[in-house]
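If you want the building blocks of each chain, they are given just below.
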Number of protein chains: 4
Amino acid sequence: MLRAGILGATGAVGQKFVELLDGHPWFETTALVASGRSTGRQYREAVNWIGATEIPASVASMDVLPLGDDLPCDFVFSGLHASIADQAEPMLARAGYPVISNAKSFRMHSNVPLLIPEVNPDHTSLIKVQDWQSQGYIVTNPNCSTVGLTCALKPLHDTFGVNAVQVTTMQALSGAGYPGVPSLDALANIVPFIGGEEDKLVHEPNKLLGTLVETELLPASITISAQCNRVPVLEGHMECVSVKLESDASKDEVHDAFESSVSPIADLHLPSEPKKFLHVFEDERFPQPRQHSNLGAGMTVSIGRIRSCEVLDYKFVVLSHNTVRGAAGGAILNAELLMKQGLLGTRNT
Amino acid sequence: MLRAGILGATGAVGQKFVELLDGHPWFETTALVASGRSTGRQYREAVNWIGATEIPASVASMDVLPLGDDLPCDFVFSGLHASIADQAEPMLARAGYPVISNAKSFRMHSNVPLLIPEVNPDHTSLIKVQDWQSQGYIVTNPNCSTVGLTCALKPLHDTFGVNAVQVTTMQALSGAGYPGVPSLDALANIVPFIGGEEDKLVHEPNKLLGTLVETELLPASITISAQCNRVPVLEGHMECVSVKLESDASKDEVHDAFESSVSPIADLHLPSEPKKFLHVFEDERFPQPRQHSNLGAGMTVSIGRIRSCEVLDYKFVVLSHNTVRGAAGGAILNAELLMKQGLLGTRNT
Amino acid sequence: MLRAGILGATGAVGQKFVELLDGHPWFETTALVASGRSTGRQYREAVNWIGATEIPASVASMDVLPLGDDLPCDFVFSGLHASIADQAEPMLARAGYPVISNAKSFRMHSNVPLLIPEVNPDHTSLIKVQDWQSQGYIVTNPNCSTVGLTCALKPLHDTFGVNAVQVTTMQALSGAGYPGVPSLDALANIVPFIGGEEDKLVHEPNKLLGTLVETELLPASITISAQCNRVPVLEGHMECVSVKLESDASKDEVHDAFESSVSPIADLHLPSEPKKFLHVFEDERFPQPRQHSNLGAGMTVSIGRIRSCEVLDYKFVVLSHNTVRGAAGGAILNAELLMKQGLLGTRNT
Amino acid sequence: MLRAGILGATGAVGQKFVELLDGHPWFETTALVASGRSTGRQYREAVNWIGATEIPASVASMDVLPLGDDLPCDFVFSGLHASIADQAEPMLARAGYPVISNAKSFRMHSNVPLLIPEVNPDHTSLIKVQDWQSQGYIVTNPNCSTVGLTCALKPLHDTFGVNAVQVTTMQALSGAGYPGVPSLDALANIVPFIGGEEDKLVHEPNKLLGTLVETELLPASITISAQCNRVPVLEGHMECVSVKLESDASKDEVHDAFESSVSPIADLHLPSEPKKFLHVFEDERFPQPRQHSNLGAGMTVSIGRIRSCEVLDYKFVVLSHNTVRGAAGGAILNAELLMKQGLLGTRNT
């Protein structure tokens, strides 16, 4: 068992790390790190727990630790806000900790892998180019709205090439954290704006679908246009996507590309890897966030309504669980991949 | 005062007609028509009233009439389901009644005006080509999701020409009528499918933006791709739109086209015509359905977030009130236009 | 026209004052007062407007003023938080302003009227006992959950005497102001606790239903037990009430007491007084917040499901609009009563 | 393994049986029974699956059977509507099948156990008095709103005696089945009426808490008054309860009665029995349906906000999962108890 620390352990993402790591076969939570107010208190006292299950008994009475460079763990998951991650993550990498981060701070940095194990597992080799004068490094997972889109684009890009993408998102409230969106803005309403989100959707998929030439990452060159909306849904980001392909493809071929897509890491049998990476629905009413966000314990990405697009080539709907696949679950899968690749191990302290 | 009948008076759209006609300066509700069960009962007993205001006193104790060709009114508004409208509307036109319909049955018929007064007021001349052997005729208003989009496209098409449109809708529950969407499908959920809706969005705007050459309507030739979603909102359809223009336009020119757009019927001072046909929001969080659907008593169409589109040319958000502008209110405005054009008058019976 | 100031004009209650005073026949908004951040900016710039109608043109470009004792108005409405009202309201009363307050700070003070015009219009004479060394005074309206309950108890208490009350509330999100309840606590959820609310329901109705003996207020002695819940509703507090009466009453007599209840101020024809103070529904599915909160422009209190209680004597449901009748609208009605009573006039400055 | 049939397998309750029986250690689903339309089709085709997990693979391709007296199973769970259960359940009992029913048809029949294993496990002996001329019998579980209340009353009634109860419920939409409540009645709204529900709350708890004297059941004599509301929550019925006790009790003693309550069947280690039958929250904001309905896999009943009641003696909040503990899960626990008691076994056919 490796010892995992959780940075920002009392926040919404931090809580999801706590929940998902409970009973994990490889990782054990040994350090809960949070800001000043919480430090020194038991986790159960410090946290405003928002999960639908109880605080795991194994961590409930653990003392919350201050952020520092000497944490009792082998590596850390970071659920920090970018404003804190900016400083804290390099500090910990320098101190020798692998930092598996959900923060946006270093996602687009040229030496930092932006990682979805089923999409670009080879990008972890960028770690070698990081120079923290230590065994530490930073690996990031993408924005919650990027994950579903990129997982869906992956088989299309591999098979036909993707030229252009139009995407309109309908994103769940949990994506804004807690307290997040005021209820008077959320109930029976839509907010057609999420700060910074559309820009992430333009750039992150291209990095994720990029090609590694030795240690240089050549991003893909898909033109992406995004419109992002906050909708009154609890979990699960829906995305209406239209794509323009580089080569001709029939609707059946597009369907098959999704349906027959095999995860490149399937044979690693990572604990958080779902049986099915992509699930294609034939029922035109599906997927729906309330029913299908939890497919594959929240790690399966759902696709539905594949059909011709009058303007581009094909259009379809994508659903992914924003706090599991799109945040904590995605980061944990990253850590599992790194472990299998021999890049994560016991820390000599 | 002209005497108005309401077909399907106990349904969701019929109720909205009742509500909006209460206190109307030109029209007085004199006939409430509904199906067998309701016939002969007082309206207040027959209807399962879902409005947020009380049943208007003037109609509450009126007897509900059966559908027939001898109704005590000068013209009728139709809130019928298409399955009934298919037969009932021609029957009434033949009997000499102008039928101002919200049903989809005859919208795409070549001799029937599909009408938004601010968009194509001249299309009413198609009435002349209808041949019911009577003074009767049928005029229709478009689908609730078509209205907002078409009102927004109108100034762009007039100014720059529109080649192609990508639209993703997030449509309110009231658009499905009552009982409509089951709450377990609606609460905290999205249904990415609305039967027949996407097809209407492809065809109706082209008819509305078409050109009348003598008595033949040449539709516009905009390529439209639509993705329609049902979301947990009560009133107000939001649409994320991207457009490709025929001629070059700067973002400011696009903004000005919206902002300076003048309703071609402004000088008619129709009672239901809002002061502002289009309202452009500068605040990037707006428009939102809960706050802005009621602008201009539900007849103003709101536009926001005008910006460049990476794939087509420009993108923006449109909001319109689906049961007012998109149904009963739109039909009443149609009747007002017809009256000013001398096409609606007292019936000699 | 009297000149009205609004304290806390950018807050949720303040905005409702602005909205309801627009077009008021007696009062004109001449001073918008808010905290430091907003001071000196135009109202439209300073406010995060949350209403479903536009900011009234008459105030949109008005400069926001700092709190002070020299405001350009004849009296003030206070939508301040109690923490600020504690100091600000006495300061303004001392400076000679009638303060018509929605804050809780002075509601239970022995010399301050806690006022619902239809319940205890005579309590305004308590003003005479206030001693601010000026023409100023403070008058308060009750908590949003108290209003509906007390309006419903009034005819029962007058007719039969009320001994005891059990009330369970289901309160709308708007009662918590903005940003108020986080959406993750609100959507598809209930929070069975509202700080301080149950205590207000125990004490305020007894003061409101109390008897004035010269200048001393003898509170009623109804034993009240309250359980307060926050529910995902936008506007309208629902309350399930059971009462024990002092004298025998048949169900019909209870029904008649509600139905035939006449507002003691009906002959004053106050602008905000609804035609019907209490509305009794016979349909057992009603009242419902979405449909019936707006009855009487939000000033009518609705009652339904009157029936025997197995434990106490009778039980029923009460609905009232929490931000109109329960806050700004109630305060405006208070001011209208004070004006008719000759207690509100032009200020000599 | 016993072979279980599910009656009404395509309905909302039937689906929950299917979901909860998947992977059950003692029971295996071998017969899916539904009405005419579904008969002969594969379950996955016949059902409009509304669950948040996939249809279990073990039953997805099973053929749906018609209702009949020769089903390939050892006993049946009934998720039938009362209108069908009235005839179907006696027919199956006569045919020799133990019928473990969630329908209301026979709950109040004197010979039929109304059963919550933690409350009245001995009531199963009523089976002996049933006379179907076969090995068959009927056992029922209570209404979804009764379960939480009765589980909470049980320790109070055992310890102090309960005289009277006032309960106001806030019930989840899933309690109305599918399609159930129309979304326009549910979203941002409350319906203060649920047909027949208040009556069930008056009678069922008294039967459940009754005493068996030989084979006669003497019901408890608690006076109960209920007010039932439908609220926009997905899962979990909240109830605000006030109780009058027969003997004096301090608040600590009431708290201890809940906290130290031990399930009388704890030593049976039934698979669906939660570790904690009752969970008492100290945080006054809890329990809440979204977070806590799933405690103990939906079988734990939560209690919070224990405090003195000004009118009766004590008041508190109860939450229970309406489709698990309150329907399918409760019925499965009943079957597990019957099996341990030797009343359920292999059928000789």
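From a predicted model like this one, the values you see are computed outputs, not experimental measurements.

Another point: helix α1 (residues 12-21) of chain D. All names here are of chain D. Within the sequence span of α1, burial applies to Gly14, Gln15, Lys16, Phe17, Val18 and Leu21. Buried residues along α1 sit against β1 (2-7), β2 (27-33), α2 (43-46), α3 (57-60), β4 (75-78) and α10 (324-340). One or two residues past the end of α1 sits glycine 23, with phi positive at roughly 85°.

A few words on the packing of helix α5 (residues 144-159) of chain C against helix α7 (residues 197-208) of chain C. Residues and elements named next belong to chain C. Look at α5 against α7: their axes get within 9 Å of each other, and the N-to-C directions meet at 45°. In terms of their interaxial angle, α5 and α7 are classed as oblique. The two elements α5 and α7 cross, and the hand of that crossing is right-handed. From α5, Cys144, Ser145, Thr146, Leu149 and Thr150 reach across to α7, where they touch Glu197, Lys200, Leu201, Glu204, Pro205 and Leu208. Within the contact of α5 with α7, the residues separate by chemical class into five nonpolar, three polar and three charged.

This part covers the relation of the copies chain B and chain D. Note that the two copies of the chain are related through a rotation about an axis and a translation along the same axis. For the pair chain B and chain D, the superposition axis carries a translation of 0.0 Å, the fit reaches an RMSD of 0.0 Å, and the rotation angle comes to 180°. Viewed as a symmetry operation, the transformation between the two copies matches a two-fold axis. It is B:Ser183 whose C-alpha, among those of chain B, lies nearest the rotation axis, at 1.9 Å. Looking at chain B, 100% of its interface residues are interface residues in chain D too, so the copies touch through the same face.

Attention shifts here to the pairing of strand β13 (residues 301-308) of chain C. Residue and element names in this part refer to chain C. Of all the eight residues making up β13, seven are buried; the element is thus mostly covered by neighbouring parts of the structure. Bridge analysis of strand β12 (residues 278-280) against β13 gives three bridges, and the strand direction is parallel. Bridging from a neighbouring strand, valine 280 pairs with isoleucine 303 of β13. Where β13 lies against strand β14 (residues 314-320), five bridges are found, and the strand directions are antiparallel. Counterpart to serine 302 in the pairing with β14 is leucine 319. Hairpin geometry of β13 and β14 is characterised by an intervening segment of five residues between the two adjacent antiparallel strands.

Residue and element names in this part refer to chain C. Note that histidine 237 resides in strand β11 (residues 237-245). Overall, the relative accessible area of 0% leaves histidine 237 in the buried class. Reaching out from histidine 237, the side chain makes a polar contact with the side chain of glutamine 171 at a distance of 3.4 Å. Not counting the four nearest positions on each side in its chain, histidine 237 is found in contact with Cys144, Ser145, Met170, Gln171, Ala172, Gly175, Arg230, Val318, Leu319, Ser320 and Asn322.

A word on the relation of the copies chain A and chain B. Screw-axis analysis of chain A against chain B gives a translation of 0.0 Å along the axis, an RMSD of 0.0 Å, and a rotation angle of 180°. The overlap is high: 100% of the interface residues of chain A also sit at the interface in chain B, so the same surface is used on both sides.

All right, on to the interface of chain A and chain B then. The interface is formed by 46 residues belonging to chain A together with 47 residues belonging to chain B. Between chain A and chain B the total buried area reaches about 3700 Å² when both faces are included, carbon and sulfur atoms providing 57% of it. There are four salt bridges connecting chain A and chain B. Put simply, A:Arg307 and B:Glu198 hold a salt bridge, and the shortest N to O gap is 3.0 Å. At the boundary of chain A and chain B, one finds 23 residue pairs in polar contact (both at pLDDT 80 or more). Looking at the side of chain A that touches chain B, the element that brings in the most residues is strand β10 (residues 223-230) of chain A, giving seven residues. Tallied by class, residues from the side of chain A that touches chain B come to 29 nonpolar, nine polar and eight charged.

Definitions and limits used
Residues numbered from 1 in each chain as written. Chains lettered and ligands numbered in written order. Predicted model: local features only at pLDDT ≥ 70, side-chain atom pairs only at ≥ 80, totals over all residues. Heavy atoms only, no water. Buried < 20%, exposed > 50% of the residue type's maximum accessible area, 1.4 Å probe, protein only. Helix = DSSP H or I, 4+ residues; strand = E, 2+ residues; numbered from the N terminus. Contact = heavy atoms within 4.5 Å. Axes fitted to C-alpha atoms, helices over the stretch in contact; angles between N-to-C directions. Parallel < 35°, antiparallel > 145°, perpendicular 65-115°, else oblique. Left-handed = near helix turned anticlockwise from the far one by under 90°. Nonpolar A, V, L, I, M, F, W, Y, C, P; charged D, E, K, R; others polar. Least-squares fit on C-alpha atoms with pLDDT ≥ 70 in both. Pairing = 2+ DSSP bridges. Polar contact = N/O pair within 3.5 Å; in protein donor to acceptor, adjacent residues only side chain to side chain. Buried area = accessible area lost by both parts, 1.4 Å probe. Salt bridge = Lys/Arg side-chain N within 4 Å of Asp/Glu carboxyl O.

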